[in-house]
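One-letter residues, chain by chain:
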Amino acid sequence: MNCIIVDDEPLGRKAIQLLISDTPALSLCGSFGDAVSAGKFMQASPVDLVFLDIKMPGVNGLEFARMIPAATLVIFVTAYAEYALDSYEVDAIDYLVKPIEIERFRRAVIKAHTYHTLLKADHSRNSIESVTSDHIFVKAERRYFKIQFQNILFIEGLKDYVVIQTSDQRIVTKMNLKSIHEILPKDIFLRTNKSYIVNTNHIDSFDNNDIFIGKYEISIGNSYRDAFFEIFFMKNNKAD
């Protein structure tokens, strides 16, 4: 993937550059100290992935992320952990807090590479074909997939698509998260932030900020927190 770095701190850019140089999946094609310079570069050169700081003078990272092409992925790299939930507002792939651990960086790149491959494929004709009380049929990659609601771990919004994650497969279809949430059983699926819907039956553990489903960690958005806990505990009290 062609990538660039946008960070107003020279040492921050150097640290990311060193990590990129040790990552065969990445090809660094530019490093910029401000969003305006990066934006001008991106108008002339294709960029697959941006490593983007948030707190910068002038145009900040969140503002810049809203301006870049829809096909370009963003990984935020910042010293401020409190902005993590804001990253969902701009469909960021991941959020790295400085100083960056090598293994954490690699996991973020693997995720970006996976989603880059998904977005490159033509999903424009993928669609939800039918919905029943316990499953949906999704047309994807010239096939029809029957997906039992009980097998869905979570659904993630990705640009103009949703990614349906089950225990053994990932299916992409062209639909926004709000639309698919409306057709799912409300007693099973809950929205946790702007980008995720989770199957509450698969939640292994949680705290006030995050939900854990197997190897996946999903943040609970501030505007979704109260409703999530109220509905989740109400559902489990009824089950008891």
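Not measured: the values here are computed from a predicted model.

A. View of the pairing of strand S7 (residues 135–140). Inspection of the sheet shows strand S6 (residues 127–131) paired to S7 by four bridges, in the antiparallel sense. Counted as the bridge partner of serine 130 is phenylalanine 137 from S7. What sits between the antiparallel neighbours S6 and S7 is a turn of three residues. When S7 meets strand S8 (residues 143–148), the two strands line up antiparallel, connected through six bridges. Along S8, the bridge assignment pairs alanine 140 with arginine 143.

B. Representation of the pattern of salt bridges. The final tally for this structure, using the stated rule, is three salt bridges. Across the salt bridge formed by lysine 98 and glutamate 9, the nearest N and O atoms sit 3.8 Å from each other. In this pair, lysine 98 sits in the loop between strand S5 (94–97) and helix H4 (102–120) while glutamate 9 sits in the loop between strand S1 (2–6) and helix H1 (10–21), placing the two residues 89 residues apart along the sequence. In this structure lysine 98 comes out as partly exposed when scored by relative accessible area, which is 21%. Of the charged contacts, one joins aspartate 94 and arginine 104 as a salt bridge, the two residues approaching to 2.6 Å between their closest N and O atoms. A residue pair is termed long-range when its members are at least 10 positions apart, and aspartate 94 in strand S5 and arginine 104 in helix H4 qualify at ten residues.

C. Representation of H1. In a regular helix each residue adds 1.5 Å, so twelve residues correspond to 16 Å; H1 covers 16 Å between its end C-alpha atoms and thus fits that length. Residues of H1 that are buried sit in contact with S1, strand S2 (27–32), strand S3 (49–52), strand S4 (73–78) and H4.

D. Examining the sheet that holds strand S10 (residues 161–166) more closely. The antiparallel open sheet is built from five strands, whose spatial order is S11-S10-S9-S13-S12. Only two strands of the sheet have a single neighbouring strand rather than two, namely strand S11 (170–173) and strand S12 (189–193). When the angles between neighbouring strand axes are averaged without regard to direction, this sheet yields 20°. Here strand S9 (residues 152–158) runs beside S10; their pairing, made up of six bridges, is antiparallel. When the sheet's bridge partners are listed, glutamate 156 is paired in S10 with valine 163.

E. Highlighting the nonpolar core. With 24 residues, the main nonpolar core has Ile20, Leu26, Leu49, Phe51, Ile75 and Phe105 as its most contacted residues. Taken together, the elements giving at least two residues each to this core come down to S1, H1, S3, S4, H4 and S10. The element that contributes the greatest number of residues to this core is H4, accounting for six residues. Among residues more than four places away in sequence, those in contact with phenylalanine 51 are Cys3, Ile4, Ile5, Val6, Ile16, Ile20, Leu26, Ile75, Val77, Phe105 and Val109. Counting 20 residues, the second largest nonpolar core, distinct from the first, contains Val50, Leu62, Ile68 and Ala92.

Calculation criteria
- Residues numbered from 1 in each chain as written.
- Predicted model: local features only at pLDDT ≥ 70, side-chain atom pairs only at ≥ 80, totals over all residues.
- Heavy atoms only, no water.
- Pairing = 2+ DSSP bridges.
- Helix = DSSP H or I, 4+ residues; strand = E, 2+ residues; numbered from the N terminus.
- Salt bridge = Lys/Arg side-chain N within 4 Å of Asp/Glu carboxyl O.
- Buried < 20%, exposed > 50% of the residue type's maximum accessible area, 1.4 Å probe, protein only.
- Expected span 1.5 Å × (residues − 1).
- Contact = heavy atoms within 4.5 Å.
- Axes fitted to C-alpha atoms, helices over the stretch in contact; angles between N-to-C directions.
- Core = buried A, V, L, I, M, F, W, Y, C linked by side-chain atoms within 4.5 Å.

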